[in-house]
Amino acid sequence: MQKPGEKSGEKGARDAGHAPGGSTRAVHAGERKHHQDHALTTPIHQTSTFWFRDSAELRAYAEGRHPRDEYGRYSNPTWRAVERKLCELEGAEEAVLFASGMCAATTTFLAHCQRGDHIVITNDCYRRTRQFVQQFLSRLQVEATVIPPADTIALKDALRDNTRLFFTESPTNPYLHVIDLPEAAHLARERGVLTLVDSTFATPLNHRALADGADLVLHSATKYLSGHNDLIGGVLCGPAELVAPVRNAVGVLGGILDPHAAWLLLRGLKTLGLRMERHNANGLAVARWLEAHPKVRQVWYPGLPSHPDYRVATRLMSGFAGVVSFEIAGDFDAAVRFTDACTLPYIAPSLGGVESLVEMPLLMSYWDYSPEERRAYGIGESLVRLSCGIEDAADLIADLRQALAAV
Ligand SMILES: *Cc1c(COP(=O)(O)O)cnc(C)c1O
């Protein structure tokens, strides 16, 4: 039984000398067992508001003498369990959940950038993040310099006296560039610039961005963190001092995660260790197999020695996850024939779930770009992005073999 005054029912933290591994933290961290009715799992607090016994209780809360929940846009106990778990996984002091990965990014930019600031972003990134910076932040007179990923010389040249933030994904989408984060974050810190990393493609189990120098790390929780292609969510992790303004901003801007989706995320996170082992193994097996196939022109996967960032990736990451990008040896129509012939992966945007998904970036994210713009972003006409799920690698490869035969 839980003894009164015992901090929580959190497992895996009893022996102060032993730090639990990622899979153990994914299962147990953040879960507190002092709930009503002794339920093992954290309940869904499906409530919009929280009641006060009397005005004195409200007053004690308002004066900061009695921290508790007040209203569902500011906090929720189910969120807190998820936020604590993500803190433990990222090695962060604070975490805050959002309605989507985009909401995590936009709220963070808005909370940390002021009129007249300058930011640096990398050009291989989630299309909507770039769109937010170029179309929306620019209206607030926040200027952006776009640099190639993994180019620390370009980063050094881009930093100015009024630079506030350096934003990058690692690995990037869709070419899976891995940033030399210790070096990039050091350059940024020397100039008083914050480094914000979108670590969606890595997950905290494959790469610890904060330990490698990032000031803040965000994820689209829609992808590996929830892992089942069944919710949209986002999270930002970092030191309390840098997360507090973002939590304040989400309370104003309102892009909060529904408690039910938070609970699904909590449930998904418990199998993160198992799922990532399989995504890592499937990604590597499929990438190696594709690279040896005559109908594949080029494969981008950070775990292959042929990837330009292989050395950085193997130094910083413990696995390379399930996304493999590759060019079919042929034209646009050949890649379409390949994609349509796949029977196991679904044709769909997104990644990081148990089901394999396949897409052609030209048709999915870049369909309305002119050929010049596509060339500028390097999006090839026969480029395919495959997100390997947790199926058996042999079945995935058998399906890819028959789909390539259709090319
Ligand atoms: C999907 C994705 C996003 C956006 O996240 P949503 O949850 O769809 O809003 C941002 N960054 C990366 C790298 C992504 O893959």
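Heads up: the structure comes first, above all this text.
Description of the structure in this document. Note that this is a predicted model, so its numbers are computed, not measured.

### Points about the environment of alanine 287
At step 1: If you trace the backbone, alanine 287 turns up in helix α11 (residues 272-291).
At step 2: Looking at alanine 287, the relative accessible area reads 0%, which means it is buried.
At step 3: In the structure, alanine 287 is positioned 93 residues away from leucine 194 in sequence and 34 Å away in space, judged by C-alpha atoms.
At step 4: Setting aside chain neighbours within four positions, we find alanine 287 in contact with Val299, Tyr301, Leu304 and Val324.

### Section: the pairing of strand β12 (residues 383-387)
At step 1: Counted residue by residue, β12 has five buried out of five residues, so it is predominantly covered.
At step 2: The alternating pattern of β12 places Leu383, Arg385 and Ser387 on one face and Val384 and Leu386 on the opposite face, and all of these are buried.
At step 3: Strand direction decides the pairing type here: strand β9 (residues 323-328) and β12, joined by five bridges, are antiparallel. Across the sheet, residue phenylalanine 326 finds its bridge partner in β12, namely valine 384.
At step 4: Pairing of strand β11 (residues 357-359) with β12 involves three bridges; the strand directions are antiparallel. Bridged to leucine 357 within β12 is serine 387.

### Observations concerning the nonpolar core
Buried together is how nonpolar side chains tend to be arranged in soluble globular proteins.
At step 1: Val82, Leu86, Leu97, Leu225, Leu265 and Leu269 are the most contacted members of the largest nonpolar core, which has 35 residues in total.
At step 2: The set of elements that each furnish at least two residues to this core consists of α3 (77-90), β1 (94-98), β7 (234-238), α10 (259-269) and α11.
At step 3: Among the elements that make up this core, the one with the highest residue count is α3 (six residues).
At step 4: Residue contacts for leucine 265: discarding those within four places in its chain leaves Val82, Leu97, Ala221, Leu225, Ser226, Leu231 and Leu257.

### As for the state of the cysteines
At step 1: Summed over the entire model, instances satisfying the criterion amount to zero disulfides.
At step 2: You can see cysteine 87 has no disulfide; the closest cysteine sulfur is in cysteine 237, sitting 5.8 Å from it.
At step 3: Its sulfur unpaired, cysteine 388 is 11 Å from the next cysteine sulfur, which belongs to cysteine 342.

### Quick look at the site of the ligand
At step 1: Taken together, 14 residues form the shell around the ligand, and within it Gly101, Asp198, Ser220, Thr222 and Lys223 come nearest.
At step 2: At 2.7 Å from an oxygen atom of the ligand is found a side-chain nitrogen or oxygen belonging to lysine 223.
At step 3: Taken by itself the ligand offers 380 Å² of open surface, and the protein chains cover 93% of this.
At step 4: Partitioned by chemical class, the residues of the shell around the ligand number five nonpolar, six polar and three charged.

### Notes on the side chain of glutamate 391
At step 1: The residue glutamate 391 is located in the loop between β12 and α16 (393-405) in this model.
At step 2: Salt bridges are absent for the buried glutamate 391, whose nearest opposite-charge side chain, arginine 278, sits at 7.5 Å.
At step 3: Only 3.5 Å separates the side chain of glutamate 391 from the backbone nitrogen of glycine 389, close enough to count as a polar contact.

### What about the packing of helix α4 (residues 101-112) against helix α5 (residues 127-136)?
At step 1: At a minimum axis distance of 10 Å, the contact between α4 and α5 shows a crossing angle of 25°. When the interaxial angle is binned, α4 and α5 end up roughly parallel. Considering only the axes of α4 and α5, their crossing is right-handed. Together, Met102, Thr106, Phe109 and Leu110 of α4 and Arg128, Thr129, Phe132 and Val133 of α5 make up the contact between the two elements.
At step 2: Taken together, the residues of the contact of α4 with α5 sort by class into five nonpolar, two polar and one charged.

### Structural notes on the packing of aromatic side chains
At step 1: If you walk through the whole model with that rule in mind, you get eight aromatic pairs.
At step 2: With a centroid separation of 6.2 Å and an interplanar angle of 75°, the aromatic rings of tyrosine 301 and phenylalanine 320 are classed as edge-to-face. On the criterion of sequence distance, the pair formed by tyrosine 301 in the loop between β8 (296-300) and α12 (310-316) and phenylalanine 320 in the loop between α12 and β9 is long-range, its members being 19 residues apart. Both residues of the pair, tyrosine 301 and phenylalanine 320, belong to the buried class.
At step 3: Members of the aromatic cluster, each reached through a chain of ring pairs, are Phe109, Phe132, Phe136 and Phe167.
At step 4: It is arginine 68 that lies over the ring of phenylalanine 52; its NZ or CZ is 3.5 Å from the centre.
At step 5: For the cation-ring pair, arginine 139 lies above phenylalanine 136, with the distance from its terminal atom to the ring centre recorded as 4.7 Å.

Reading the values: rules and limits
Residues numbered from 1 in each chain as written. Predicted model: local features only at pLDDT ≥ 70, side-chain atom pairs only at ≥ 80, totals over all residues. Heavy atoms only, no water. Helix = DSSP H or I, 4+ residues; strand = E, 2+ residues; numbered from the N terminus. Buried < 20%, exposed > 50% of the residue type's maximum accessible area, 1.4 Å probe, protein only. Contact = heavy atoms within 4.5 Å. Pairing = 2+ DSSP bridges. Core = buried A, V, L, I, M, F, W, Y, C linked by side-chain atoms within 4.5 Å. Disulfide = S-S within 2.5 Å. Near = heavy atom within 4 Å. Polar contact = N/O pair within 3.5 Å; in protein donor to acceptor, adjacent residues only side chain to side chain. Areas by Shrake-Rupley, 256 points an atom, 1.4 Å probe, with all protein chains shown as cover. Nonpolar A, V, L, I, M, F, W, Y, C, P; charged D, E, K, R; others polar. Lys, Arg positive; Asp, Glu negative; His and termini not counted. Salt bridge = Lys/Arg side-chain N within 4 Å of Asp/Glu carboxyl O. Axes fitted to C-alpha atoms, helices over the stretch in contact; angles between N-to-C directions. Parallel < 35°, antiparallel > 145°, perpendicular 65-115°, else oblique. Left-handed = near helix turned anticlockwise from the far one by under 90°. Phe/Tyr/Trp six-rings, centres within 6.5 Å; stacked < 30°, edge-to-face > 60°. Lys NZ or Arg CZ within 6 Å of the ring centre and 35° of its normal.

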